[in-house]
Amino acid sequence: MANASRPRLAALTSARFVAAFHVLLFHAWAMQGLTRAPSWLQRFASVGYVAVSFFFILSGFILVYTYEGKEFDWRQFWKARLARLYPVYLLSLLITAPFFFYVVLRMNVVQLAYFKSHLPSTAVLVLTMMQAWVPMAALGWNGVAWAVSVEIFFYMTFPSLLRRFAGIGNRGLACIALSSWMLIILLDLVYVVLSPDREWASSSTDFLFWLSAVKFHPFMRLPEFIVGLACGYWFVRGGQNPRLATPLVLGGTIVALTTTTFSDSIPYPIMHTGLFAPAFAAIIFGLALQPSWAGFLESRWLVLLGESSYCFYLFHVTILGAFLFANRDPSATPSWLRIFGGMATATIAGLLIFRFVEEPTRKWLRGRPVPHPATGRAIA
């Protein structure tokens, strides 16, 4: 059973949409849709992939906040997780299937050669949410869905980690979180030094075997989840000093923005995986302390956008691509207008899919609801 006695953390729900929108900005930049944007915006958008780390850390934090201190029911936990994730996930595959299979089967795109020669296995991996375990298949079908594959692994490990972490003191958890973060940075450094793919200097190299493993493999992203779990335990064990809220959020934001400013000087594999974990953990912990100035994040519409962020995330690339590539004639529609249209449409689509697909199917598959502590809405 979930712990329904703890107060809402609505600000963290709203923060999910902010992170998802950062991912959208990255894809807009990668699709050459921000070439006329100010340089600071291009720099900020170019590292939008790091927002996925925010999702993974937040996931660990919220799961501990929700389930710590209560009898854990594995069956109900998995029922709730799959009821929330899979219906929208499957819908995203149905929507993106025509484009993916047409490009792979009918067009000669060098970067997609793996998918063409391994199409049946890639399809099976994606349908079963296992694609992140095979580096070259991670971006198959609906590329952004690799993060869901990683999240499923986190859900598999969570019951065991919840039980084990319960017996570890805060100092021990701090050591585990720090060691996990240092390990992932060390592995990033090993990749940079050994350079097994020989070419990894930019985010355009998405189809290199070892780089894909560094970026997408569940084992490489597990330390971020562990950092979130540790923060969640610190929080529920009484680490709720409101005076720390502003310093934590402000400090984490400054570190994240400073790192972004110097992103060109930091090797891409290190930037991509793990580097931002301490900054994001500080922001999440600080927002969970509910500082008074963050009350705007608890507004109804921002919380609703946060709740729809999973739908927004799974569909935004398809929608954005449709706006940017439907007509490549630059004289037809200004690129900024296409970007704006894609952003607005992706946001509206996320809200509609959440309202008419995710919520109804989740309620039907899940059964009896229990309020979610972060939003007040039902979970298992």
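Here's a quick rundown of the structure. (Residues numbered from 1 in each chain as written. Predicted model: local features only at pLDDT ≥ 70, side-chain atom pairs only at ≥ 80, totals over all residues. Heavy atoms only, no water.)

A closer look at the overall build of the protein chain
So, point 1. Scanning the protein chain for helices and strands turns up 16 helices and 2 strands.
So, point 2. The C-alpha radius of gyration computed for the protein chain amounts to 20 Å, which stays within 12% of the reference 21 Å derived for 380 residues, consistent with globular compactness.
So, point 3. By its C-alpha atoms, the protein chain is 55 × 50 × 40 Å across when sized along the principal axes.
So, point 4. Classification of the 380 residues of the protein chain by burial places 55% in the buried group.
So, point 5. When contacts within the protein chain are restricted to residue pairs at least 6 apart in sequence, long-range pairs at least 24 apart make up 76% of them.
So, point 6. Taken as a whole, the protein chain presents about 17500 Å² of accessible surface, with 67% of it coming from carbon and sulfur.
So, point 7. Each charge class in the protein chain was averaged separately, 29 positive and 15 negative side chains, and the resulting centres sit 6 Å apart. (Helix = DSSP H or I, 4+ residues; strand = E, 2+ residues; numbered from the N terminus. Rg over C-alpha atoms; globule rule 2.2 N^0.38 Å. Buried < 20%, exposed > 50% of the residue type's maximum accessible area, 1.4 Å probe, protein only. Contact = heavy atoms within 4.5 Å. Areas by Shrake-Rupley, 256 points an atom, 1.4 Å probe, with all protein chains shown as cover. Lys, Arg positive; Asp, Glu negative; His and termini not counted. Charge placed at Lys NZ, Arg CZ, Asp CG, Glu CD.)

As for a nonpolar patch on the surface
So, point 1. Residues Leu183, Leu186, Leu187, Val190, Val193 and Leu194 make up a contiguous nonpolar surface patch of about 570 Å² in total accessible area.
So, point 2. Topologically, leucine 187 is positioned in helix H8 (residues 170-194). (Patch = residues over 30% accessible without salt bridge, like charges linked within 9 Å, V, L, I, M, F, W, Y side chains within 5 Å. Salt bridge = Lys/Arg side-chain N within 4 Å of Asp/Glu carboxyl O.)

Observations regarding the packing of aromatic side chains
So, point 1. Taken as a whole, this structure holds 38 aromatic pairs when the rule is applied.
So, point 2. Ring centres of phenylalanine 153 and phenylalanine 154 lie 6.3 Å apart, and the angle between their planes is 50°; on these two criteria the pair is classed as tilted.
So, point 3. Through pairs of rings, three or more aromatic residues link up here, namely Phe56, Trp133, Trp146, Phe153, Phe154, Phe216, Phe219 and Phe225. (Phe/Tyr/Trp six-rings, centres within 6.5 Å; stacked < 30°, edge-to-face > 60°.)

Quick notes on the state of the cysteines
So, point 1. Enumeration according to the criterion identifies 0 disulfides in this entry.
So, point 2. With no disulfide partner, cysteine 231 has as its closest neighbouring cysteine sulfur the one in cysteine 175, 14 Å distant.
So, point 3. Cysteine 231 gets classed as buried once you look at its relative accessible area, which sits at 6%. (Disulfide = S-S within 2.5 Å.)

Some details on the pattern of salt bridges
So, point 1. Throughout the structure, instances matching the rule amount to 4 salt bridges.
So, point 2. We note a salt bridge from aspartate 264 to arginine 43, for which the minimum N-O separation is 2.8 Å. Of the two residues, aspartate 264 sits in the loop between helix H11 (245-261) and helix H12 (268-272) while arginine 43 sits in helix H2 (residues 39-46), which places them 221 residues apart along the sequence.
So, point 3. Aspartate 264 gets classed as exposed once you look at its relative accessible area, which sits at 64%.
So, point 4. Ionic pairing is found between arginine 362 and glutamate 358, a salt bridge with its closest N-O pair at 3.7 Å. Of this pair, arginine 362 and glutamate 358 both sit in helix H16 (residues 335-366), separated by 4 residues, roughly a single helical turn.
So, point 5. Look at arginine 362 and you get buried, because its relative accessible area is 10%.
So, point 6. Through salt bridges with shared partners, a single ionic network connects Arg84, Glu358 and Arg362.

Side note on the packing of helix H7 (residues 146-165) against helix H10 (residues 218-236)
So, point 1. It is the contact of H7 with H10, at a shortest axis distance of 9 Å, that shows an interaxial angle of 45°. In this view, H7 runs oblique relative to H10, as classed from their interaxial angle. The handedness of the crossing between H7 and H10 comes out as right-handed. Judged by residue contacts, Trp146, Val150, Phe153, Phe154, Thr157, Phe158, Leu161, Leu162 and Phe165 of H7 engage Pro218, Phe219, Arg221, Leu222, Phe225, Ile226, Leu229, Ala230 and Tyr233 from H10.
So, point 2. Residue classes in the contact of H7 with H10 are distributed as 16 nonpolar, 1 polar and 1 charged. (Axes fitted to C-alpha atoms, helices over the stretch in contact; angles between N-to-C directions. Parallel < 35°, antiparallel > 145°, perpendicular 65-115°, else oblique. Left-handed = near helix turned anticlockwise from the far one by under 90°. Nonpolar A, V, L, I, M, F, W, Y, C, P; charged D, E, K, R; others polar.)

Some thoughts on the packing of helix H1 (residues 10-30) against helix H13 (residues 277-288)
Two measures define how a pair of helices packs: the angle their axes make with one another and the distance between the axes.
So, point 1. Look at H1 against H13: their axes get within 8 Å of each other, and the N-to-C directions meet at 140°. In terms of their interaxial angle, H1 and H13 are classed as oblique. Crossing of H1 over H13 shows right-handed handedness. For the pair H1 and H13, the contacting residues are Ala11, Leu12 and Ala15 in the first and Ile284, Leu287 and Ala288 in the second.
So, point 2. In terms of residue class, the contact of H1 with H13 is made up of 6 nonpolar, no polar and no charged.

Notes on the nonpolar core
So, point 1. Counting 126 residues, the largest nonpolar core has Leu12, Phe61, Tyr89, Trp146, Phe158, Tyr313 and Leu314 as the members making the most contacts within it.
So, point 2. By residue number, the principal contributor to this core is helix H3 (residues 51-67), which donates 13 residues.
So, point 3. Beyond its immediate chain neighbours, meaning those up to four positions away, tryptophan 146 contacts Val52, Phe56, Gln131, Ala132, Ala138, Leu139, Lys215, Phe216, Arg221 and Tyr313. (Core = buried A, V, L, I, M, F, W, Y, C linked by side-chain atoms within 4.5 Å.)

With respect to unusual backbone geometry
So, point 1. For serine 195, which is not glycine, the phi dihedral falls at a positive 45°.
So, point 2. With respect to the secondary-structure elements, serine 195 resides in the loop between H8 and helix H9 (209-216).
So, point 3. Positive phi, close to 55°, is recorded for glutamine 290, a residue that is not glycine.
So, point 4. Mapping glutamine 290 onto the fold places it in the loop between H13 and helix H14 (300-307).

Structural notes on H3
So, point 1. An ideal rise of 1.5 Å per residue puts 24 Å on 17 residues; H3 measures up with 24 Å between its terminal C-alpha atoms.
So, point 2. The element H3 is extensively covered by neighbouring structure, given that 17 of its 17 residues are classed as buried.
So, point 3. Following H3 by one or two positions, glycine 69 adopts a phi angle in the positive range, close to 90°. (Expected span 1.5 Å × (residues − 1).)

Points about H7
So, point 1. The end-to-end C-alpha separation of H7 is 27 Å, in line with the 28 Å expected for 20 residues at 1.5 Å each.
So, point 2. The sharpest bend along H7 measures roughly 45° and falls at phenylalanine 158, with the proline proline 159 sitting one to four residues further on.
So, point 3. In terms of burial, H7 is largely enclosed, as 16 of its 20 residues are buried. (Bend = angle between axes of the 7 residues up to and from the residue.)

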